[in-house]
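Listed below are the residues making up each chain.
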Amino acid sequence: MVEGNGKKIQEGKVDEKRRMAIKIAGLAALLSTIDFAVFDKEEFKKMLKKVGLDDILNVAEAREGLGHYEERAKKKEEELKNLCMAAADKICSEKGFASADCLLAKKKCSKITVKATPPDPNKRYAMALDLDKCIGCRRCEYACVMENNTLRNAGMDWIHIYEMDREGLSDLEGARDDYTVAPKKGKVYVPVACMHCENPPCTMVCPVKATWKEKDGIVVVDYDKCIGCKYCVVACPYGARRFNLFPPKLDPLDLNPNMHILGNIPRPVHVVEKCTWCVQRTRDGGVPACVEACPVGARVFGDLKDPNSPIRRVIEEYGVFVLKPEAGTNPRFFYFFSGAKTPRKEGGGK
Amino acid sequence: MRNSGKILAAIVLITIITSLSITVQPVSASSQQNPQSLYPCSTCHQRLKVNADINYSWYHGVDLRSGAHKGLMCSNCHNPESAMMELRGNISLAILGVHNRSQLMADNLLCAQCHAKIYKDYLLGAHGNRTFDCPNGQAIEVKGYKGVKWVYHICDDYTKLKQKPARACVECHNPHDPTYYAISILPPPEGRVPPPDESSITYGGIAVLVTGLVLIAASHFVYKKEHMG
Ligand code: SF4
């Protein structure tokens, strides 16, 4: 009996404390709902709106006023020029002022341009890749590294090429990117980089809105806004995003002077980066580096809205498919089989 | 004055080298494969017409009895005075010698006579790769990442780029054997995380399962002990 009483008294004490705690929690919950109702009503409404085709084609952009970006680009340009010149001087004093390296370094430094070219809303870029032609040679990968001032030897390359069975293309499990003999019989080589999806899951999860889809279809990252939380790295179904673990290196000889503030500008440490379809080239009329470098012409890049563009020709003439359609991301990077197969190497493995 | 002296020296050097190569080559093995380097084309072709019925010429190192252009005759492309001339839209085909890209581009039309679909692809940019020009631009070839050749476009103005086809048909496809054969591949870049081992996934799965079961059993045991005791 005594024991039982003691327990009851104890329970009574606990009850009071618990009641207090529940009261506080309830109050906090109420406050938070009020908070939500007051501050996020508009946002909430937007979220609940039915998504139509127009919304998908003309995604609202998070991009702030353009002046902001141009100002920043100009500042960055100055900064980089100074840094580059200092590095170039070092090269010159080591190798002599008349050496070819010195001259090239100085020339490149003086030509550094950081652009903030805005997207053209009348364009919608897309890329297609011919799996019959691709031989898995990795030249696009190397070109990408050199064009985009990517860190060398750090596993940061944006394009990965996966060797897959021709028959089981939907089976990504057996895909390998460390093959050393190619092209083998019965295999296809599937280069994978950012797919620039219409419904990018990576931009949805970013807590600071540092990444978004621009009006011309390119998904970009603002490196100055990125806090390095890596949510987007996890969210991407294609493993296209890379986390920058190392501080940037500025070697004038390896530097690509054509830069875009949302593209290939040397990235600070601890930010996420990924393929931008060479925004520094394509927005001003050029072609991405991988398209230029591919020895078999497997890559096709163009504007979906232009009926005479290469990409439209491919879609109309050959038909295309995408990777992981079940993810619902609606990629704008297509694959196709043109039928003109590059001969596979005899005895190229199993 | 100094420049002209240099040029003269270069010319003399080239003449010596060419004469040397001409005198040396007949004995060397390479001349067996490439006999036309010995004589200028005009020595024979001033009077010799292209034979309509020939599809193999040891002398030129051309064999159309096999390969993707099997079945064609030399005269299908190389006889400017035939009816083909009209079919080709009066394109006279340049033979041998060093041609610049615009000359090679002009020859594209000859290929287009048979490969209309691919030619349309090519014109629209869906076949072969494209590159771009910029005003006062310069393309500098460098040894880039891991010694791989790379072309940097050095421009005054990076905002006015103009796309164009990167190459003419015959720069990628040898017209006498037009299949594009795979070239060597580059090694995988360094620093990548290797893909996980299949067995490690299996073992990991089993480990998780066993740990889970052990935890469930342990909690059950503790619960029972508390309520019984
Ligand atoms: S460069 Fe072209 S052929 Fe080589 S891996 Fe890339 S897409 Fe394939």
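Computed from a predicted structure; not experimentally measured.

Engineer: Please give an account of the overall build of chain B that cites residues and values.
Structural biologist: The helix and strand tally for chain B stands at 9 helices and 6 strands. Residue burial in chain B is summarised as follows: out of 229 residues, 21% are buried. Long-range contacts, defined here as pairs at least 24 residues apart, represent 45% of the contacts in chain B between residues at least 6 apart.

Engineer: Pulling in residues and values, what's your account of the pairing of strand β10 (residues 299-303) of chain A?
Structural biologist: Residues and elements named next belong to chain A. Among the 5 residues that make up β10, 5 are buried, leaving the element largely enclosed by the rest of the structure. Side chains of β10 alternate between two faces, with R299, F301 and D303 and V300 and G302 buried alike. Relative to β10, strand β2 (residues 125-130) runs antiparallel, the two sharing 5 bridges. Within β10, the residue paired with Y125 across the bridge is D303.

Engineer: Go over the pattern of salt bridges with me, naming the residues and quoting the values.
Structural biologist: Across all of its chains, the model carries 29 salt bridges over all chains by this definition. Measuring nitrogen to oxygen at the nearest pair gives 3.0 Å for the salt bridge that ties R65 of chain B to D63 of chain B. Judged by relative accessible area, R65 of chain B falls into the partly exposed class, the value being 47%. Its relative accessible area of 29% is what places D63 of chain B among the partly exposed residues. Ionic contacts of the salt-bridge type, sharing partners, join the residues R72, K76, D222 and D224 of chain A into one network.

Engineer: Let's hear about the packing of helix α6 (residues 101-112) of chain B against helix α7 (residues 116-124) of chain B: which residues, and what values?
Structural biologist: Residues and elements named next belong to chain B. Put simply, α6 and α7 touch, their axes get as near as 8 Å, and they point 145° apart. Across the interface between the two elements, M105, N108, L109 and A112 from α6 touch A116, Y119 and Y122 from α7. Partitioned by chemical class, the residues of the contact of α6 with α7 number 6 nonpolar, 1 polar and no charged.

Engineer: Which residues make up the packing of helix α11 (residues 310-317) of chain A against α7 of chain B, and what values do they have?
Structural biologist: Relative to each other, α11 of chain A and α7 of chain B sit at 150°, their axes nearing to 8 Å. Pair α11 of chain A / α7 of chain B crosses with left-handed handedness. Across from P310, R313 and E317 of chain A in α11 of chain A, the residues of α7 of chain B making contact are K117, K120, D121 and L124 of chain B.

Engineer: Hey, could you go over the site of the ligand for me, with residue numbers and the actual values?
Structural biologist: Close contacts around the ligand come from C134, I135, G136, C137, R138, R139, C140, I161, C294, P295, V296 and R299 of chain A, and that covers them all. Classifying every residue of the shell around the ligand by side-chain character gives 8 nonpolar, 1 polar and 3 charged.

Engineer: I'd like a description of the domain arrangement of chain A, backed by residues and values.
Structural biologist: Residue and element names in this part refer to chain A. For chain A, the domain assignment lists domain 1 (25-66 + 116-336) and domain 2 (71-111). Facing 14 residues of domain 1, the contacting portion of domain 2 comprises 15 residues. Of all residues in domain 1, the largest losses of buried area upon contact with domain 2 belong to L250, P252 and L253, amounting jointly to 46% of the total for that side. In this structure, the connection of domain 1 to domain 2 is made through 3 salt bridges. Applying the counting criterion to the domain 1 and domain 2 interface returns 5 residue pairs in polar contact (both at pLDDT 80 or more).

Engineer: Explain a nonpolar patch on the surface to me, using residue names and the numbers behind them.
Structural biologist: Residue and element names in this part refer to chain B. Taken together, Y203, I206, V210 and V214 make up a surface patch of nonpolar side chains, about 410 Å² in accessible area. Here V210 shows up in helix α9 (residues 198-228). With relative accessibility at 46%, the residue V210 sits in the partly exposed group.

Conventions used here
Residues numbered from 1 in each chain as written. Chains lettered and ligands numbered in written order. Predicted model: local features only at pLDDT ≥ 70, side-chain atom pairs only at ≥ 80, totals over all residues. Heavy atoms only, no water. Helix = DSSP H or I, 4+ residues; strand = E, 2+ residues; numbered from the N terminus. Buried < 20%, exposed > 50% of the residue type's maximum accessible area, 1.4 Å probe, protein only. Contact = heavy atoms within 4.5 Å. Pairing = 2+ DSSP bridges. Salt bridge = Lys/Arg side-chain N within 4 Å of Asp/Glu carboxyl O. Axes fitted to C-alpha atoms, helices over the stretch in contact; angles between N-to-C directions. Nonpolar A, V, L, I, M, F, W, Y, C, P; charged D, E, K, R; others polar. Left-handed = near helix turned anticlockwise from the far one by under 90°. Near = heavy atom within 4 Å. Domains from an automatic or database assignment. Buried area = accessible area lost by both parts, 1.4 Å probe. Polar contact = N/O pair within 3.5 Å; in protein donor to acceptor, adjacent residues only side chain to side chain. Patch = residues over 30% accessible without salt bridge, like charges linked within 9 Å, V, L, I, M, F, W, Y side chains within 5 Å. Areas by Shrake-Rupley, 256 points an atom, 1.4 Å probe, with all protein chains shown as cover.

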